[in-house]
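# What the coordinates show
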Amino acid sequence: MHNLGAEMHHLCRELFPICRSITGNGFRESLSILGKHLPNLMTKEVPTGTKCFDWEVPKEWNITDAYIINPKGEKICDFQQLNLHVMGYSSPVDQVISLEALQQHLYSLPEQPDAVPYITSYYKERWGFCISQIERDKLVPGDYRVFIDSELKNGSLTYGELIIPGESQKEIFISSYLCHPSMANNELSGPIVATFIAKWLAGLKKRKYTYRIVIIPETIGSITYLSRNYKEMKKNIVAGFNLTCIGDERSYSYLPSRLGNTLADKSVLHVLSNLHPDFVTHSYLTRGSDERQYCSPGIDLPVCSIMRTKYGSYPEYHTSLDDLNLVTEKGLFGGYDVVQRTIKCLEHNEILRSTTLCEPQLGKRGLYPTVSTKSSGSEVRDMMNYLAYTDGKLSNLEIADKINTPLWALQETIDKLKSEGILELSEG
């Protein structure tokens, strides 16, 4: 746990300083760093102006520098010190204006006076600076030079895609986004956990399912990706997960698919109920990430969101306070563990039936303990309860829920029963 958590946090620190947005070189640089961990990650570019359902790919935005010079000649809101100081997608500007005029382009949070907010304007050209309320209150009348060296041009939207083949063409889908600047939990925890899950999957000798993993810009990225792939995705995906805000230590939470009854929902609920029973279930009505697109009418993919503390539910969200202290090694590993266990449950989720009438004679097969121990009674009870429901109609996940036992605690027993010929795959 410690080594994996430390590796993930190291990657978080490497990515944290980069200024990312929904398009541009910051996204590409970040995706390239993830690609060092995932050699088969494919980078795709979609040109500006491409129609994607009711949307179109916007102009590409890049920025090299930005700052304000106050009347004393001091540099404030320095992009080089904190990239959140610049409104995302700001148009270029270089002019001297009064404090009164400047105030129309400043954004702060009076309720969080020490935080710099994260503000964007993707679809209307404007410029702006973000500043803490404490610093804003120090501004004095006079002339201010405002400078933003940015560019909006016809370019492309970038995303990453990794397909890891399995025995079946049926797919499990994992999605996360990489389009925010220096924020740790809201931005980096999701793609980092997704990256390490992908590394684990790629290293498995055997996979039942094929895995489709995408790293995209939020909203416009999922819409773009769906517009190019949704027919194949609707045909093949049996479960999918949006990973976001999954690196803090405060809680575990889940946001369901639109209908809330998919295999994805059932598998996540099974894991969280057994591993972290105090987890928080959020209403689909509070959705705010890419589940909005994946579960929209007509798309209807079986996708839910796995999180630690949900976006918008922690005070540091979308501010400079969402930093490398909020995301921890333990927090990242906890998120990884939930996702990994969920996938393992899906990989082992078969529909089996008993090959014997009445209970099988376990003793002659060496499956009944000959020495009574503190744990042997519960192990036998779990085995017999499991067998009681192997009628060829219920899946392993459904049976595990019925008998209130984690599927991972049953798996060794299930494997033994299969090897002894007591269980077989149901043809139904």
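Described below are features of the structure shown in this document. (Residues numbered from 1 in each chain as written. Predicted model: local features only at pLDDT ≥ 70, side-chain atom pairs only at ≥ 80, totals over all residues. Heavy atoms only, no water.)

Let us now look at the nonpolar core. Counting residues in hydrophobic clusters, the biggest one holds 72 residues, and the most contacted among them are V193, I197, L201, F241, L243, Y386 and L417. Broken down by element, the residue count for this core peaks at ten residues, all from helix α5 (residues 184–203). Filtering out sequence-adjacent residues up to four positions away, L417 remains in contact with L362, L367, M383, Y386, L387, I422 and L423. C179, V214, L255 and L326 belong to the second-largest nonpolar core, a separate cluster that totals 50 residues. (Core = buried A, V, L, I, M, F, W, Y, C linked by side-chain atoms within 4.5 Å. Buried < 20%, exposed > 50% of the residue type's maximum accessible area, 1.4 Å probe, protein only. Helix = DSSP H or I, 4+ residues; strand = E, 2+ residues; numbered from the N terminus. Contact = heavy atoms within 4.5 Å.)

This brings us to unusual backbone geometry. One non-glycine residue, D300, lies in positive phi territory at about 50°. Within the secondary structure layout, D300 lies in the loop between α8 (291–294) and β16 (303–307). For D300, a relative accessible area of 39% translates into the label partly exposed. The phi angle at H318 is positive, at roughly 55°, despite the residue not being glycine. You can see H318 is positioned in the loop between β16 and α9 (329–347). The class of H318 is partly exposed, set by a relative accessible area of 23%.

With that settled, the discussion passes to the packing of aromatic side chains. To describe a pair of aromatic rings, one takes the distance between the centres and the angle between the planes. Inspection of the entire model under this criterion finds eleven aromatic pairs. A ring pair is formed by F53 and Y230, whose centres lie 5.6 Å apart and whose planes are at 70°; its orientation type is edge-to-face. Separated by 177 residues along the polypeptide, F53 in the loop between β2 (51–52) and β3 (55–56) and Y230 in helix α6 (residues 220–236) bring together distant segments of the chain. Residue Y230 is classed as partly exposed on the basis of its relative accessible area, which comes to 25%. Following the ring pairs from residue to residue traces out a cluster consisting of W55, W61, Y89, Y122 and Y123. The ring centre of Y67 lies 4.5 Å from the NZ or CZ of K75, which sits over that ring. (Phe/Tyr/Trp six-rings, centres within 6.5 Å; stacked < 30°, edge-to-face > 60°. Lys NZ or Arg CZ within 6 Å of the ring centre and 35° of its normal.)

What follows deals with the sheet that holds strand β17 (residues 351–354). Reading across the sheet, the three strands line up as β18-β17-β19 and stay open at both edges, with antiparallel pairing between neighbours. Of all the strands in the sheet, the pair left with one neighbour each is β18 (391–395) and β19 (423–425). Strand-to-strand twist of the sheet, defined as the mean angle between neighbouring strand axes without regard to direction, takes the value 35°. Pairing between β17 and β18: two bridges, direction antiparallel. Within β18, the residue paired with I351 across the bridge is S395. (Pairing = 2+ DSSP bridges. Axes fitted to C-alpha atoms, helices over the stretch in contact; angles between N-to-C directions.)

Pairing in this open sheet of eight strands is mixed, and the strands run β1-β10-β12-β11-β13-β16-β14-β15 from one edge to the other. What marks the edges here is a single partner per strand, and that holds for β1 (42–47) and β15 (280–281). Taken together, the three bridges between strand β14 (residues 253–255) and β16 define a ladder with antiparallel strand orientation. The residue bridging S253 from the neighbouring strand is M307, located in β16. Contacts between helix α2 (residues 25–37) and the sheet are confined to β1, β10 (156–164) and β12 (210–216), with β10 contributing the most and set at about 15° to the helix. The strands that helix α7 (residues 263–275) touches are β13 (237–243), β14, β15 and β16; relative to β13, the one it contacts most, it runs at about 55°.

What follows is about empty space enclosed by the protein. All told, the structure shown has one cavity of 30 Å³ or more when counted by the stated rule. Every residue lining the largest cavity is listed: C19, R20, S21, W61, I63, F79, N83, V86, G88, Y118 and P181. For the lining of the largest cavity, the residue count by class is seven nonpolar, three polar and one charged. (1 Å grid on protein atoms, 1.4 Å probe; cavity = no way out; pocket = protein on both sides within 12 Å on 5 of 7 lines; lining within 4 Å. Points joined across faces, edges and corners; volume = space filled by probe spheres on them. Nonpolar A, V, L, I, M, F, W, Y, C, P; charged D, E, K, R; others polar.)

A few words on the layout of surface pockets. Volume-wise, the largest pocket comes out at about 340 Å³. E379, V380, M383, T413 and K416 are the residues nearest the centre of the largest pocket, which is lined by 15 residues in total. Ranked by residue count, the leading element in the lining of the largest pocket is helix α12 (residues 407–419), at six residues. Across the lining of the largest pocket, the residue classes break down as eight nonpolar, three polar and four charged.

What follows deals with the side chain of N62. Among the secondary structure elements, N62 is positioned in strand β4 (residues 60–69). You can call N62 buried: its relative accessible area is 13%. A polar atom in the side chain of N62 sits 2.7 Å from the backbone nitrogen of N25. At a separation of 2.9 Å, a polar atom in the side chain of N62 contacts the side chain of E60. Sequence-distant contacts of N62, that is, excluding residues within four places in its chain, are made with G24, N25, S150, E151 and K153. (Polar contact = N/O pair within 3.5 Å; in protein donor to acceptor, adjacent residues only side chain to side chain.)

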